[in-house]
Amino acid sequence: MSEITRILAAAREGDARAADELLPAVYHELRRLAAQRLAREAADETLEPTALVHEVYLRLVGGGRADWKSRAYFFAAAAEAMRRILIERARQKQRLKRGGGRQRVELDEADLITESDSIGLLALDEALDRLAAENPVKAELVKLRYFAGLTVQQSADVLGISRATADRYWLYARAWLYNDITEGDDSAGA
Amino acid sequence: MGADGQDIEGIFSAALEKASALEREEFVERACRGDPRLQGRVRALLAAHDQAEGFLDGRCSELPLTADFADPGEGSDRAEGVGTTIGRYELLELLGEGGFGSVYKADQLEPVRRKVALKILKAGMDTAQVIARFEAERQAQAMMDHPNIAKTLDAGQTETGRPYFVMELVDGVPITEYCDQKNLTTRERLGLFMPVCRAVQHAHTKGIIHRDIKPSNVLVTLHDPDGAGVPKVIDFGIAKATGDRLTDKTVMTGFRQFIGTPAYMSPEQAEMSGLDVDTRTDVYSLGVLLYELLTGRTPFDPQALRQASYGEIQQIICEEEPVRPSLRLSTLGGDLAELARLRRTEPQALSRLLRGDLDWIVLRALEKDRTRRYETAAGLAADIQRHLSHEPVRAGPPGATYRLRKFVRRNRVAVTAAGLVAAAVLLGLAVATAGFVQARRDRDLAQGARVRADAEARRAQAVSTFLQEMLASVDPMQLRQLSAFSPYEDAGASPGGEFVGGFSVADMARGASAKIDQAFAGDPELAAAARETIGMTLRGLGLYHDAAPELEAALEIRRRIHGDRHRDTLRSALQLGGLLADAGRSAEAEPLVRFALEGMWQVYGAEHARTLNCASVLALVLSDQGRYAESHRFFEETLRIQRRVLGDRHRDTLATMLHWSGSYLSQGRLTEGQALARELYDLAREALGPDDSITILSKPLIGWWYLEQGRYDRAEELLRPGLADCRRILGGEHPLTYITMHGLARSLQGRERQEEKERLHLEALAGLRRTRGEDHWHTLSTTVDVAQWLDGKGKFGEAGELYRALLAGCVRAFGSGHPRTLAAMNTLADFLERTGALQESIWIRFDRLAVIEDGAGRTHGVTVAAVVDLAEALVRLGRIAEARELTEEVLAIRRRFAERPDADATSINNYAWSLLTCVPIDLRDPEAALPLAERAVAMSGGRQSAVLDTLALAYSMTGDDRKAAEVQQKACEQLPPQALGGVGYGAVLVRYLLRTGDVGAADRFVADSVEGFRKSVGQDNPRIAVEFNAAGVALANAGHYSMAEPLLLEALELNRELLGSEHGRVADGLRNLAGLYHMQGRYAEAGRAYREALALRRKLLGDDHLLVAETLHSLGNTLRLGPDAAAAIPVLRQALDTYRRLNADGVPAASSVKLDLVLALLRVGRFEEAEPLARETLARCRTLYGPEHVDTAMAMRALGRLLIELGEARQAEPILRQCVVAFGRFHLIESEKWRVARARGTLGYCLASLRRFDEAEPLLVESCRALHAMKGEGFIATRIALERVVALYEAWGKADEAARWRAGVPGDEEHGVQSRSAAP
């Protein structure tokens, strides 16, 4: 039994601590898998973050066999973990741009391309925190869809809400975040 | 904020529901009740919503993780780095990083100073254990001494607690990269690979297994002084040290290890079954490496492996058969050229190089079962050496089943020959009905046996009580169910397969079975009786898989306690045999039934009812295996005795009639079988009543007969109530119900019933899959039928899926070499060819050949026939060179057989026939064939039509048509009159007679044959229409139009009378007639007939059907050549639209429509319109067939001509030159020769319009003469060519020449007589 399946099993039984353990475990696993994969592939290989989440899921939790509760726990943790990973990387890129941080020899093309994404991602991250303060379920929905790559239906299943509700939440959260981020721009000028 | 937030959200969401911006605005104002803050917030969100379209939709996938991701986080806490010292090593330079950790170039400071590689693993390993495991192997490691091994020297622990390994430093690149960088040829690659094997072998002899061989662990030094790269295997012992102890605790480690390189992992490693990994694991990984060196790909797609779940990875590695390397190449498409370039060769040559030895060597190394691999790495190297020195290799081709298994996996495909379909379906029905009746009668017998003797009555009571108790313990309802369960007698009873109180009878029976041993522990006889009852119950429900073990157990017990000659034993054997026959396993059934029959002869005597019944079953079992002659004898004899002893109205007699009629049906013997079925139906209804199973089954049986004859309306009349009866009596989930449903689906005609037809087809198929299983012959034959129907509707995707399922099923059910399986492969290849998957179709033909060859050997007749098939397919696809190669091989083999001293007439005839008819005509040799054919005729006593036919052809091709006709006449006389002198043989005779100029003799022959045939079968025989139609087509093709027409007309009329005027066969007849008119240039009449056929097909099939598209195409073509060519254009466009609507505009037939449309536009001078279409068609042909196909060449010619007309002759010239080159390859194909000539003429025409007369002249003149010689002066291409020669001389100012040619093609006095090879 893998570490994650063990934790998932415990979480399902109602072990509150297990849920806390899950995030670092999934985070670690995502990092590890990504690093390993990227290291072994050709240099130009890229990984899609959401694909990675699903891969970890399939490998560690298993397709189709896990009950919905395990899935819910897993994807909630995975969405958060992927968010942290991406944010961490975006921050690093920002540091790099400013000449700070760790020394890196070359700035390859891939770095340049994703630079503007980094900014957007950091803004989204902050906006998401604000949304979570106001409406945690919607923030969670965004994380599941955006960072874990779940469909509306899958996200709805994980959150235990209906498909229609999820659709409604999504539209609202998306508008909310968009408004928040663009407003932030304005106020930065002010 | 909370309540406020909810308000905002509610208003926001409700506002989004509003249809218009205005409504939305009004709603927001109203809903916010004048609260400006709320209103402002909602408006802002709504505005954001409008702009946010697409925002976040891409997920974060648009932020791909790039390589920079690999080390942050890990790297930041890395204590080791360049400049630091670890133990005795100073880190100099980072060589590489990866998921495993980092590799540094390091300076070893003591005891000797040298450069080494230091690999530091990631944190998280149990360092102490890693080092301990390494230490355990250190002694052995130290003993390794091989130039191709970079030793692992040391292991230790860094200050941060990570394990590290120290290795010899190898300055090199992975072997695969090296080979591609240096463009090594395949031979050079093998040369480099062999030392790798030997290195691994060396390690093995020291007891070291590598466990992780892959390109990155086999480096080749780049900077060797003498320039030759030296391969070095690195990382020995590391895989083992880092641990593959796959206990629960460390499964994560093993797992991550696992996902690193699944592509190179052996099945035993992937299984993680605790099976010890041994040296053969390295042999497997070497096999993968070799595969990659040869093909540039690993056996299993790394991408797929990466996306697969853990279980799927295991499944792929442990079960999926790798595609053999040579075949893999052909799957690469465009990449193949690059691959070949990297190996300094041509794609074709590369794949030839791999085919055979290297394929087998690689596959042997990659065997799933390690006992079948090379025992050692040295063995692998040795076999490669044998290959390089042209000695026979030890690895042979794998067995046929193996290859077919692999083939099926790869293609997931299937189909069966059209002719097979009907037989299959019918055969299925015959067996099914028989099984059903048999099941019933055996139950009766079992019951009868129970009441007969007192002792048995007691036993029966015990069994019965047991069963009732068992069932009652499940649910009281079921007791009722059991007593009611007698689906055969009591028409009102609820069918056994249905559910009662949540349990089906089947479930109950299964439940009872589990308790028998316990319940009857001391009484095996009772146990046997109980199993018999349960088994027969399950059999009656069609649950063969469940029934078989019960009946087997019963038989086994009875043999043990009663011996072989006891009536209970015999009954059990017959029951089990009947069951196996039901399940489509007739070959297994036969010995059981024979055993029973022999016993019954002795026990009961030959004329006992039971013996006769057994004989009837045996007849059926034989029929099912296609042994009709034997089967027929049993049926005839049995029925005769039954009629005498039991009478016509006895149920057993009627059952035999039912079986026999079914058997006739499967042989397609319409007349006899139908008469029997009718007699049966009348007798059964009278004697047994309308609700008896025999009566019920004989009704749809007659329906099937009508289906066979094409009387769809009558078939439907019988099958529809038949289906209702089946549902009522047998239940909805009975196989026979679904078989009848399938029959009904087949019977439905007319466009308005297409939906019902489709629904029934699919429902029947799904039902059979459920009730019979995927591999049962009924399921398969229904699959073919449904697939072909979908295929016709243009639903290629679905059809393809079914074809695949079918072939897979055939392989499982019958094995690889079975004729049905081979036919399935053939039809599949045809399907793929038709739908444009040309490459795949060729693979399948290759594979079919391989399968046949595996079974029969290279030189067997059937293999040779398969080679001929393949060669012909290759020719159709323009792959002439390969076809030629194969043909040469066929000729060589046939020659060898023909020249053996003991050669028989058939062998000699085969060789002669090949010499006369092989496809590349330069390999033909009529002169050599003639004496051979004469000898074959002499040896066979002049009585074999096939041999006489060959001799006639040899005469004809050596220029003696008179003698040819004489001999062919004899060939025809050997055949019974029913085949109209043998449609094929007779038509050939007509052709010879016409060539001798004796039209009268040809007419007389046809008239005599027709009358003879009519007399022999009787005026009203439905076969007349079928035969006349075939004869008409054959005569038309032989060029005897005047005799063809009345035959086709009569066939058409007969079909109208017999089948009604709205029938598919009438449409076919109209199309044939139209084709005949078209051939004669009677375009107006052809057009009318095509239009009539078109209207009929539309009515029968709807607008969206491939046959409709096809008919539109034919009509368009006729119009194109007729006086009003413009009329063709909308029709051809309609044909194209139809293909498009069917999603079939990529099929070869659709490109051919486009080409004809271009020609039509060209003919009416709409050049601008035609040009883009011509270019598109050419591009499509190029992708579909490549540059060297006839269709591509024709598209080039059309475009070239168009450009000439557009005044762009200069642009046309290179295209036409290409076209001539392309056609040049086809001069070896008889039927294409005239096109070659025409293409040269078109080039001449192009040059003439560029006023390069001297270049144009030879092309035009030669083309015109060739066309004249081949096709005669009336042929349209000849006429055009002639006009162009005249025009050339006029433009050139050579009036004399122009005048000479205006009178027709001048005699050959200047050019010498062109030899003219002619073959029918």
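As the structure is a computational prediction, the values presented were derived from the model and not from experiment. (Residues numbered from 1 in each chain as written. Chains lettered and ligands numbered in written order. Predicted model: local features only at pLDDT ≥ 70, side-chain atom pairs only at ≥ 80, totals over all residues.)

Visitor: Account for the overall build of chain A, naming residues and giving values.
Guide: Assigned secondary structure in chain A consists of eight helices and zero strands. For chain A, the α and β elements follow one another from N to C terminus as α-α-α-α-α-α-α-α. The buried share of chain A, reckoned over its 190 residues, is 44%. A separation threshold of at least 6 residues defines the contact pool for chain A, and within that pool the share at least 24 residues apart is 63%. (Helix = DSSP H or I, 4+ residues; strand = E, 2+ residues; numbered from the N terminus. Buried ≥ 20, exposed ≤ 12 C-beta atoms within 10 Å, placed from the backbone. Contact = placed C-beta atoms within 7 Å.)

Visitor: Could you give an account of the overall build of chain B, with specific residues and numbers?
Guide: If you tally the helices and strands in chain B, you get 60 helices and eleven strands. Within chain B, the fraction of its 1320 residues that count as buried is 51%.

Visitor: With reference to specific residues and values, describe the pairing of strand E8 (residues 218–221) of chain B.
Guide: Pairing geometry for strand E7 (residues 172–174) of chain B and E8 of chain B, over three bridges, is antiparallel. Directly across from Gly172 of chain B, in E8 of chain B, lies its bridge partner Thr221 of chain B. (Pairing = 2+ DSSP bridges.)

Visitor: Hey, could you go over the nonpolar core for me, with residue numbers and the actual values?
Guide: Residue and element names in this part refer to chain B. In this structure, Ala912 and Leu1035 are the most contacted members of the largest nonpolar core, which totals 269 residues. Setting aside residues no more than four positions away along its own chain, Ala912 makes contact with Ala929, Leu932, Ala933, Ala936, Thr950 and Ala954. With 76 residues, the next largest nonpolar core counts Phe165, Ile175, Ile209 and Ile316 among its residues. (Core = buried A, V, L, I, M, F, W, Y, C linked by C-beta atoms within 7 Å.)

Visitor: Could you give an account of the sheet that holds E7 of chain B, naming the residues involved and the relevant values?
Guide: Residue and element names in this part refer to chain B. Spatially, three strands are ordered E7-E8-E9 in an open sheet, and the strand pairing comes out antiparallel. Lying at the two open borders of the sheet, with one neighbouring strand each, are E7 and strand E9 (231–233). Averaged over neighbouring strand pairs, the angle between their axes works out to 35° when direction is ignored. Contacts from helix H6 (residues 186–205) reach E8 and E9, with the element oriented near 30° to E9. (Axes fitted to C-alpha atoms, helices over the stretch in contact; angles between N-to-C directions.)

Visitor: Mind laying out unusual backbone geometry, listing which residues take part and the relevant values?
Guide: Residue and element names in this part refer to chain B. Positioned with a positive phi, Asn183 is a non-glycine residue whose angle comes to about 50°. Inspection of the secondary structure puts Asn183 in the loop between helix H5 (175–181) and H6. Using a count of 12 C-beta atoms within 10 Å as the deciding quantity, one classes Asn183 as exposed.

Visitor: Please provide a residue-by-residue account of the packing of helix H57 (residues 1233–1249) of chain B against helix H59 (residues 1276–1292) of chain B, values included.
Guide: Residues and elements named next belong to chain B. One can describe the packing of H57 onto H59 by two numbers: an axis separation of 11 Å at closest approach and a directional angle of 25°. Judged by the inter-axis angle, H57 sits roughly parallel to H59. Remark: the crossing between H57 and H59 carries left-handed chirality. Where H57 approaches H59, its residues Trp1234, Arg1238, Gly1241, Tyr1245 and Ala1248 are matched on the opposing element by Ala1277, Ala1281, Arg1284, Leu1288 and Ala1291. Residue classes in the contact of H57 with H59 are distributed as seven nonpolar, one polar and two charged. (Parallel < 35°, antiparallel > 145°, perpendicular 65-115°, else oblique. Left-handed = near helix turned anticlockwise from the far one by under 90°. Nonpolar A, V, L, I, M, F, W, Y, C, P; charged D, E, K, R; others polar.)

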